[in-house]
Amino acid sequence: MQTTFDSGKRRLLSCLSHGAIFFSTTIFSFGVPFAVNLLTDDPIVKANAKESMNFHLNVWFWAIVIGVPIGILSFLTFGLGGILFFPVVGLGFLLHWGLTVWALAHCFTNPDEPFRYPFIFRLF
C-alpha cells in the first residue's frame, strides 16, 4: 500500500520545525519540533523534526561550552573578556542563523527530502 502525503503540509511542518530555532532561548522552541514529531505520520516531516531537535541540542550545548568561559573571563576582567570574544559570539550567531536559513530554503525548494545539518551530533 502506497501512501501519499500533502506536499504543502509537508513543507509547512518541516519549515515550522526548523524555524523554531529562531526562538532558541526558550524551551518552547524545542517543543515545536517535538510536537510535530509526535503528531505527524509523514516520514519526511518526522526526519526534519528530529534533525531540528538535534540542532537545538547542539546550539544549546555550544552556547554553554563557549558562553560560560566567556562569561567567567568577562567577569574576571571587568568586561574585557566579553569585548575580546565578541567576534566569536557573533560568528556563532551567524552560523546558527545561517544554517537555519539554509534548512528553511531546502525545505521550501525540496520538500520531499529531509534536511541534514552538517557537523552536528545526533541523539535522535
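Just so we're clear, the structure is a prediction, and the values are computed from it rather than from any experiment. (Residues numbered from 1 in each chain as written. Predicted model: local features only at pLDDT ≥ 70, side-chain atom pairs only at ≥ 80, totals over all residues. Heavy atoms only, no water.)

## Structural notes on unusual backbone geometry
In plain terms, the rule: Every helix listed is a DSSP run of H or I at least four residues long, and every strand listed is a run of E at least two residues long, numbered separately from the N terminus.
Of note, the phi angle at F119 is positive, near 60°, even though the residue is not glycine. You can see F119 is positioned in the segment after α5 (86-109).

## Re the pattern of salt bridges
Stated precisely, the cut-off is as follows: By convention in these notes, a salt bridge is any Lys or Arg side-chain nitrogen within 4 Å of a carboxyl oxygen on Asp or Glu. Burial classes: relative accessible area under 20% of the type maximum marks a residue as buried, over 50% as exposed, and values in between as partly exposed (1.4 Å probe, protein chains only).
Under the counting rule described, the total for this entry stands at four salt bridges. The residue D112 makes a salt bridge to R10 at a minimum N-O spacing of 2.8 Å. Of this pair, D112 sits in the segment after α5 while R10 sits in helix α1 (residues 7-19), placing them 102 residues apart in sequence. Note on R10: relative accessible area 10%, which makes it buried. In the salt-bridge network here, residues are joined through shared partners; they are R10, D42 and D112.

## With respect to the nonpolar core
Put simply, the rule reads: Definition used in this section: a nonpolar core is a set of buried Ala, Val, Leu, Ile, Met, Phe, Trp, Tyr and Cys residues joined via side-chain atoms within 4.5 Å. Pairs of residues are marked as contacts when any of their non-hydrogen atoms sit within 4.5 Å.
Judged by nonpolar contacts, I21, F55, V59, L99, A103, F115, Y117 and I120 together constitute the single largest core of eight residues. Looking at this core, the elements with two or more residues in it are α3 (43-76) and α5. Setting aside chain neighbours within four positions, we find V59 in contact with I21, S24 and H96.

## Looking at the packing of aromatic side chains
To be explicit about the condition: To pair, rings of Phe, Tyr and Trp, with the six-membered ring standing in for Trp, must have centres within 6.5 Å; the planes then decide the type, stacked if under 30 degrees apart, edge-to-face if over 60, and tilted in the middle.
Applying the stated criterion to the full structure yields eight aromatic pairs. Seen in terms of ring centroids, F30 and W60 are 5.9 Å apart; in terms of plane orientation they differ by 40°. Their pairing is tilted. Linking F30 in helix α2 (residues 28-39) with W60 in helix α3, this pair joins segments that are 30 residues apart in sequence. Taking relative accessible area as the criterion, F30 reaches 17% and is therefore assigned buried. A residue is classified by how much of its surface remains accessible, and W60, at 23% relative accessible area, is partly exposed. A network of ring pairs unites the aromatic residues F55, W102, F115 and Y117 as a single cluster.

## A closer look at the state of the cysteines
Quick note on the threshold: What counts as a disulfide here is a pair of cysteine sulfur atoms lying within 2.5 Å.
Tallied over the entire structure, the rule returns zero disulfides. The thiol of C15 is not disulfide-bonded; the next cysteine sulfur, from C107, is found 4.8 Å away. A relative accessible area of 10% means that C15 is categorised as buried. Taking the relative accessible area as the measure of exposure, C107 reaches 1% and is therefore buried.

These values are about where atoms sit, not about what they do.
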